[in-house]
Amino acid sequence: MYKEKTSSQWKNLDASYHLHPFTDFQEYQSSKGRIIEKAEHIYIYDTDGKKYLDAMSGLWCCSLGYTQPAIGEAVANQFNQLPYYNNFFQCSNAPAAELAERLVKISPKQFTHVFFTNSGSEANDTNIRLIRRYWDLKKQPKKRYIIARSNAYHGSTIAAASLGGFKSVHDQFETLPYTSHIIEPNWFTEGENHSSKDFGIIAAQELEKRIDEIGEANIAAFIAEPIQGAGGVIVPPSSYWPEVQRILNERDILFVSDEVICGFGRTGSMFGCETYNTKPDLITFAKAVTNGFQPLGGVLVNDRISEVITKDGGEFGHGFTYSGHPIACAAALATLDILEKQNFVSRVANDIGPYLQSKWHELSDHEIVGHIRGAGMLGSIELVRDKITNERLEPDQKAGGICREFCIANNLVMRAVGDSMIISPPFVCSHEDIDLLIERARKSLDQTAAYYNV
């Protein structure tokens, strides 16, 4: 148990010794950030005594909020029975075996197996290994390239970040040479003078063009999020996914649906691929599978791939010490119990999701909101100075950071991605919770507009 300290002592200690993910280390030395002390329902509390409405569900993961004692009880019970054993060397544990079955049963019918990891990053690394192994066993070793999209996020390991499409990340290391990126389906920033429908077709056909440029015989897979989350909640035009699926149906290329954010009800279906009627060969999952209470990720593998690697593959030389950790799997089983017994996926589709979208889109009347996107329990707004020309509030998309600080001052956690303000609220929100979220968001937009004299 940690020792009691003042808020200032905690901040100084953290800044002195702790290197944070996606953080400017020099800036953090002076800003010191916030130390989160406790959480309940949809709120987090810091050591300064401030209470924030967490509109990001932690980091897209606490879909059921922070007060779920049944998950804690499942973790404690498993800790007392079997706190750890590995899944190497023909061993397993009951929670891992049960969870694998459970995940297959709730996934689209073509999925038959699960490979467990500790995170979405490791799951996408695993996808690369599965894809490579599959094509080697199919006697097509030239199939190496994986096509992804610009502004996509698939994780932070070298392999997963290579699949991702963030230039700022790629500038800090050498990416894998067999990845290639096409345009993101962001009509607001990339659509120019096209209608949303026409742009969806154009963006999808960039996949076809890239396949032809590299050569279908050299393309192993296409990876994409149903909705690009960390890239700014990019909801593609309705014409996009049908055209992508047409292209994939005509080509001998595997499709990975990265559902780390969209999985387990976020879009109003159990998986985002079901919302958009796509037919992936692999599904990446993590985050909400345990409601964020334990680290767990994995890959759902369809029959096409599993039949090859289980019958002809021999030993698959890949795995992690904590793959299928019994405590993490117990947390996931308890999470799925709550998700299913309380019909949260249906609630996102038919109640709280539509309510959020109706209220979120009311912000379109604000003078600095140039575009609104959203689906299920996801949303984003683009900050602009001029709604006609879409001129930004200042160069280099710094306004998002300004707006985020106003949100924090107003006891609201919204995330800034460039000049996009994004949300991913918990499914347990009431209508009154959403009303409060919108009230605080509007106040923060008003203050941002005043800051920029709009």
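Residues numbered from 1 in each chain as written. Predicted model: local features only at pLDDT ≥ 70, side-chain atom pairs only at ≥ 80, totals over all residues. Heavy atoms only, no water.

Of the regular secondary structure elements, the chain holds 18 helices and 15 strands. Scaling as 2.2 N^0.38, a compact globule of 454 residues should have a C-alpha radius of gyration of about 22 Å, and the chain matches this with 22 Å. Expressed as lengths along the three principal axes of its C-alpha atoms, the size of the chain is roughly 65 × 60 × 45 Å. When the accessible area of the chain is evaluated, it comes to approximately 20000 Å², of which 51% is carbon and sulfur surface. Separation of charge centres in the chain, based on 44 positive and 56 negative side chains, amounts to 2 Å. (Helix = DSSP H or I, 4+ residues; strand = E, 2+ residues; numbered from the N terminus. Rg over C-alpha atoms; globule rule 2.2 N^0.38 Å. Areas by Shrake-Rupley, 256 points an atom, 1.4 Å probe, with all protein chains shown as cover. Lys, Arg positive; Asp, Glu negative; His and termini not counted. Charge placed at Lys NZ, Arg CZ, Asp CG, Glu CD.)

This next bit is on helix α14 (residues 326–341). Taking 1.5 Å per residue as the helical rise, α14 with its 16 residues ought to reach 22 Å, and the 22 Å between its terminal C-alpha atoms agrees with that figure. Of all 16 residues in α14, 13 are buried; the element is thus mostly enclosed. Positive backbone phi, at 55°, marks N343, one or two positions downstream of α14. (Expected span 1.5 Å × (residues − 1). Buried < 20%, exposed > 50% of the residue type's maximum accessible area, 1.4 Å probe, protein only.)

This part covers the side chain of R373. Assignment of secondary structure puts R373 in strand β11 (residues 369–375). Overall, R373 belongs to the buried group, its relative accessible area being 5%. Apart from residues lying up to four places away in sequence, R373 is in contact with N186, F188, G232, V233, I234, V235, W360, L378, G379, S380, E382 and S420. (Contact = heavy atoms within 4.5 Å.)

This part takes up the packing of aromatic side chains. By the definition in use, this model includes 13 aromatic pairs. Relative to W241, the ring of Y240 lies with its centre 5.2 Å away and its plane at 75°, an arrangement referred to as edge-to-face. This pair shows no difference in class: Y240 is buried, exactly as W241 is. Taken together through their ring pairs, the aromatic side chains of F222, Y240, W241 and F255 make up a single cluster. Sitting above the plane of the W10 ring, K5 keeps its charged end 4.9 Å from the centroid. Lying over the aromatic face of Y43, K51 brings its terminal NZ or CZ to 4.4 Å of the ring centre. (Phe/Tyr/Trp six-rings, centres within 6.5 Å; stacked < 30°, edge-to-face > 60°. Lys NZ or Arg CZ within 6 Å of the ring centre and 35° of its normal.)

Judged by pairing direction, the sheet is mixed, and its four strands sit side by side in the order β1-β2-β3-β13 without closing on themselves. Because the sheet does not close on itself, it has two edges, and the strands there are β1 (36–40) and β13 (412–413). Bridge analysis of strand β2 (residues 43–46) against strand β3 (residues 51–54) gives three bridges, and the strand direction is antiparallel. In the strand pairing of β3, Y45 is matched with K51. Its contacts with the sheet place helix α18 (residues 431–451) against β2, β3 and β13, and it is angled at close to 105° to β3. (Pairing = 2+ DSSP bridges. Axes fitted to C-alpha atoms, helices over the stretch in contact; angles between N-to-C directions.)

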